[in-house]
Amino acid sequence: MIEVRELVKNYGSKRVLDHISFDVNKGEILGLLGANGAGKTTTMNIMTGNLSSTGGTVRLNGHEILEEPLQAKKELGYLPENPPLYPDMTVKEYLKFAYRLKKCRLPYKEHIEDVCKAAYITDVYDRVIKNLSKGYRQRIGIAQALIGEPKILILDEPTSGLDPVQMLEIRNLITRLGKKHTVIFSSHILPEVQAVCDRVLVIQKGRILADDTPKHLEETLSGKKLKVCIAGPEREVEQALREVPGVLKVSRILCQDKRSCSFELQVEDETDVRWKIAAKIKQSPWLLTEITGVHLSLEDIFLKLTGKKEGRKQ
Ligand SMILES: Nc1ncnc2c1ncn2[C@@H]1O[C@H](COP(=O)(O)OP(=O)(O)OP(=O)(O)O)[C@@H](O)[C@H]1O
């Protein structure tokens, strides 16, 4: 559905995109994750034909954005970082304006109704935009992007500046939109990408650091780890755990419960080793009090990939 190849962008002698390539399949929700200045907006602006590239190509449903701009843009709904709203218009007037601007040919009344329903703005249809909350304004921006039934939605930081409730509403909305559209959205909020995306591209200084599912990315970087707490003599328990097939490494960790001892285990296969440990402890006089997976948050992964904390904005 989307094919981005070797995108390069220079501003004078400064290279801000350095050979970015990726594909997005039909129906996928892709998160573009990166710190402030990583190159997310630049990538999206080039993909939507709003900015020229120094090199590389972008194909939207087979149409190259510079060679066939009209056909390519018909495939596309775009929400820029600052939604292009006219605050003195009512929602009705604004959507009519966007409908005309896009030269949309779908039946006006039904289509606008559908778009308002999809973006959850039906109840403010006759209100003046400047009097609405930022959450509503963001959803009006999304409604504008939905006009013309584009197959692809590109949303630049759609939750930026929203309160936690509004953020959740937009995340839920993106998940629902993903059922009908191919969606790319950018964010610097890691749990958001984790919650919403099928795939994540981690981008830093104009380069792709990782292209993976949030879950696989986490597993790959964190390694498979278990936390095990057992009520029993520490040294003997440690030895017993080392003997369980599939356990690669056993490290003692601090234990909150004075009657137990705790260990972090590096293992080959989490589920399999859990069963084996449970079976082994059952045969002993000891008691298994906890066995849980240890997972890195995507935030830890991001810091691991980038190797530093600088440049992150909240
Ligand atoms: N017109 C411009 N002239 C020079 N440098 C620019 C211009 N626009 C963007 N840049 C630089 O390009 C780099 C990437 O910027 P971009 O806006 O794409 O980052 P971003 O990941 O979207 O960050 P943000 O979350 O702040 O929007 C930054 O270093 C930025 O300073």
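Each chain carries its own residue numbering, running from 1 in the direction its sequence is written. Local features in this predicted model are restricted to residues of pLDDT 70 or higher, and side-chain atom pairs are both shown and tallied only at a pLDDT of 80 or more, whereas totals for entire chains, interfaces and linings draw on every residue.

## Thoughts on the domain arrangement of the protein
Next, step 1: These domain limits were set by an automatic method or by a database of domain assignments. Partitioning the protein into structural domains gives domain 1 (2-219) and domain 2 (223-294).
Next, step 2: Computed over C-alpha atoms only, the centres of domain 1 and domain 2 are separated by 46 Å.

## A short note on helix H6 (residues 164-177)
Next, step 1: A rise of 1.5 Å per residue sets the reference length of H6, with its 14 residues, at 20 Å; its end C-alpha atoms lie 20 Å apart and thus fit the reference within 8%.
Next, step 2: Working definition of burial: number of other C-beta atoms within 10 Å of the residue's own, with buried at 20 or more, exposed at 12 or fewer, and partly exposed in between, all C-beta atoms being placed from the backbone. A run of DSSP states H or I qualifies as a helix once it reaches four residues; a run of E qualifies as a strand once it reaches two. Both are numbered from the N-terminal end. What H6 keeps buried is the set Ile170, Arg171, Ile174 and Leu177. An end-on view of H6 places all buried positions within 125° of arc, on one side of the element. Opposite the buried face of H6, by more than 90 degrees, sit the exposed residues Pro164 and Val165. Under the convention used throughout, the expected extent of a helix is 1.5 Å for every residue step, that is, one less than its residue count. It is the directions from the helix axis to the C-beta atoms that the arc portrays.

## Quick look at the environment of serine 21
Next, step 1: Secondary-structure assignment places serine 21 in strand S2 (residues 14-24).
Next, step 2: Classification of serine 21 by C-beta neighbours within 10 Å gives partly exposed; the count is 13.
Next, step 3: Residues serine 21 and phenylalanine 97, 76 residues apart in the sequence, show an inter-C-alpha distance of 35 Å.
Next, step 4: Any pair of residues counts as being in contact when their C-beta atoms, constructed from backbone geometry, are within 7 Å of one another. Contacts of serine 21, omitting those with residues within four sequence positions, involve Val4, Arg5 and Glu6.

## Considering the nonpolar core
Next, step 1: In plain words, the nonpolar core is the set of buried Ala, Val, Leu, Ile, Met, Phe, Trp, Tyr and Cys residues that C-beta atoms within 7 Å link up. Counting 58 residues, the largest nonpolar core has Leu33, Leu95, Val115, Ile121, Ala143, Ile154 and Val183 as its most contacted members.
Next, step 2: Here this core gets 6 residues from one element, more than from any other, and that element is helix H5 (residues 134-146).
Next, step 3: Those residues within four positions of isoleucine 154 in sequence are excluded, and the remaining contacts are Met44, Met47, Thr48, Leu76, Tyr78 and Ile184.
Next, step 4: Counting 17 residues, the second largest nonpolar core, distinct from the first, contains Cys229, Ala240, Val250 and Leu265.

## Points about the packing of helix H3 (residues 91-101) against H5
Next, step 1: Lines are fitted to the C-alpha atoms to define the axes, a helix being fitted only along its stretch in contact, and any angle between axes, read from their N-to-C directions, falls within 0 to 180 degrees. For the pair H3 and H5, the least separation of the axes is 9 Å and the interaxial angle reads 30°. Taken together, the axis directions place H3 and H5 in an arrangement best described as roughly parallel. Between H3 and H5 lies a crossing of right-handed hand. Contacts between H3 and H5 involve Val91, Tyr94, Leu95 and Ala98 from the first element and Ile140, Ala143 and Gln144 from the second.
Next, step 2: When residues are sorted by character, Ala, Val, Leu, Ile, Met, Phe, Trp, Tyr, Cys and Pro go into the nonpolar class, Asp, Glu, Lys and Arg into the charged class, and all the rest, Gly among them, into the polar class. Looking at side-chain class alone, the contact of H3 with H5 contains 6 nonpolar, 1 polar and no charged residues. Every angle not falling under 35 degrees, over 145, or within 65 to 115 is termed oblique; those three ranges are roughly parallel, roughly antiparallel and roughly perpendicular. Take the far helix as your reference; a near helix turned counterclockwise from it by less than a right angle gives a left-handed crossing, and one turned clockwise gives a right-handed crossing.

## Focus: the site of the ligand
Next, step 1: As a structural note, the neighbourhood of the ligand is formed by Tyr11, Val16, Gly34, Asn36, Gly37, Ala38, Gly39, Lys40, Thr41, Thr42 and His188.
Next, step 2: Per-element tally for the shell around the ligand: the top contributor is helix H1 (residues 40-47), with 3 residues.
Next, step 3: Of the residues assigned to the shell around the ligand, the class counts are 3 nonpolar, 7 polar and 1 charged. The C-beta atom of each residue is placed using the backbone, and any residue whose C-beta lies within 6 Å of a molecule or strand is treated as near it.

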